[in-house]
Amino acid sequence: MAAAPRTSLPRNRYDFHSHTYLTDGEESASSMWYAADRIGHRALAITDHVALQDPGPILDTLRAEARAWEGTDLLTLVGVEVTMVPPRYIPEAVRAARRAGAEIVIVHGETVAEPVFAGTNRAAVELNEVDVLAHPGFITVEEAELAKAHDVVLEVSARTLHGRANGHVVRTALEVGNDLVVDSDAHKTEQLVSTEMARQIARGAGLPESHLARVLEETPRRLLHRCGKA
Ligand SMILES: [Zn+2]
Ligand SMILES: [Zn+2]
């Protein structure tokens with residue numbers, strides 16, 4: 001599917017977390033990327049859920065669909081969200097995804113909305129191979145310090161239920177000095193968020209205006225670079 005050239009909006013939205021019908025999303029990767037392109041995304045990662053199964057088939061399908069966007073202005077990232085894995089097996093799941101070619105690996109953190117194993121945040125932030133700890137809920141200062149030490153970016157979530165703890169995540173990150181991103185965790189195209197919406201979510205969670213450029217542009221660009229995309 002080729003996207004029509006789109007010049008009316010600035011292309012400045014970066015989103016590192018979304019899903020397709022390969023797991024619990026509702027639409028295809030192509031539909032997600034097409035919609036993202038239309039609302040001004042520079043990059044959208046598809047991060048479908050994996051646990052301890054072979055991540056290869058999901059990544060192969062996403063990679064095949066991503067070929068449609070080669071050479072366009074939209075950067076596609078093909079990855080996984082390691083979800084509901086007992087903490088002692090998280091390193092194995094993360095490394096299996098890397099071996100299978102995941103360009104980005106995020107971990108489904110200890111959100112207030114969908115409980116996962118206690119210790120998930122801690123296991124994720126101890127791994128350099130994790131790019132983003134998604135919706136980390138009531139993350140502790142100690143976990144945030146480990147995240148900083150291992151360069152794991154913390155997520156402010158646009159998803160309503162996960163987002164209940166956004167204020168806590170922002171406050172902790174400001175205290176510790178963590179890098180943050182604002183991700184949609186979209187499960188269908190209408191849940192993708194524009195730059196303006198991402199800005200409002202970050203400000204609403206207590207992020208000072210002076211930190212917006214770092215969260216919405218500088219950290220995403222650095223993350224893209226680390227994922228081999230820019
Ligand atoms: Zn999640
Ligand atoms: Zn998710």
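Placed above this text is the structure.
Residues numbered from 1 in each chain as written. Chains lettered and ligands numbered in written order. Predicted model: local features only at pLDDT ≥ 70, side-chain atom pairs only at ≥ 80, totals over all residues. Heavy atoms only, no water.

**Q** What am I meant to see in the coordination of the zinc ion (ligand 2) here?
**A** A metal bound by six donors in octahedral fashion has ideal angles of 90 or 180 degrees, whereas one bound by four tetrahedral donors has an ideal angle of 109.5 degrees. Protein-derived ligands of the zinc ion (ligand 2) are His17 (NE2), His19 (NE2), Glu81 (OE) and Asp185 (OD), with the metal-ligand distances lying across 2.0 to 2.3 Å. Considering all four donor atoms around the zinc ion (ligand 2), angles at the metal cover 79 to 168° and the coordination shape is irregular. Linear spacing of the donor residues for the zinc ion (ligand 2) on their chain is H-x1-H-x61-E-x103-D. In this structure, the zinc ion (ligand 2) is positioned 3.2 Å from the zinc ion (ligand 1), and both are ligated by Glu81. Separated by 104 residues along the polypeptide, Glu81 in strand β3 (residues 75-82) and Asp185 in the loop between β7 (180-183) and α7 (195-204) bring together distant segments of the chain. (Donors = N, O, S within 2.8 Å, 3.2 Å for Na, K, Ca; no water. Tetrahedral: all angles 85-135°; square planar, octahedral: opposite > 155°, others 65-115°. Helix = DSSP H or I, 4+ residues; strand = E, 2+ residues; numbered from the N terminus.)

**Q** Just to check I follow, could you spell out the pattern of salt bridges for this structure?
**A** Two side chains that carry opposite charge are able to pair once their charged atoms sit near each other. Here the structure, examined in full by the defined rule, presents 19 salt bridges. Asp60 is paired through a salt bridge with Arg63; the nearest N and O atoms lie 2.7 Å apart. One end of the pair is Asp60 and the other is Arg63, both in helix α2 (residues 56-66) and three residues apart, which spans about a single turn. Asp60 sits in the partly exposed class, given a relative accessible area of 45%. Since its relative accessible area comes to 32%, Arg63 is described here as partly exposed. Three or more residues joined by partner-sharing salt bridges are found here, namely Arg98, Asp131, Asp151, Asp179, Arg214, Arg222 and Arg226. (Salt bridge = Lys/Arg side-chain N within 4 Å of Asp/Glu carboxyl O. Buried < 20%, exposed > 50% of the residue type's maximum accessible area, 1.4 Å probe, protein only.)

**Q** What exactly am I supposed to notice about the packing of helix α5 (residues 141-149) against helix α6 (residues 166-176) here?
**A** Any two packed helices are characterised by the angle at which their axes cross and by the distance between the axes. The N-to-C vectors of α5 and α6 enclose an angle of 60°; their axes lie 10 Å apart at closest approach. The orientation of α5 with respect to α6, classified from their angle, is oblique. Between α5 and α6 lies a crossing of right-handed hand. Listed contacts from α6 to Val141, Ala144, Glu145 and Lys148 of α5 are Thr172, Glu175 and Val176. (Axes fitted to C-alpha atoms, helices over the stretch in contact; angles between N-to-C directions. Parallel < 35°, antiparallel > 145°, perpendicular 65-115°, else oblique. Left-handed = near helix turned anticlockwise from the far one by under 90°. Contact = heavy atoms within 4.5 Å.)

**Q** Any chance you could explain the environment of Ile58 here in plain terms?
**A** Locating Ile58 in the fold gives a position in helix α2. Classification of Ile58 as buried rests on a relative accessible area of 14%. Distance from Ile58 to Met197, taken between C-alpha atoms, is 29 Å for residues 139 residues apart in sequence. Setting aside anything within four residues of it in sequence, one finds Ile58 in contact with Leu22, Thr23, Asp48, His49 and Val50.

**Q** Is there a simple way to think about the coordination of the zinc ion (ligand 1) in this case?
**A** Distances from the zinc ion (ligand 1) to its protein donors, namely Glu81 (OE), His108 (ND1) and His135 (NE2), fall within the range 2.1 to 2.2 Å. Counting residues between consecutive donors of the zinc ion (ligand 1) along the chain gives the motif E-x26-H-x26-H.

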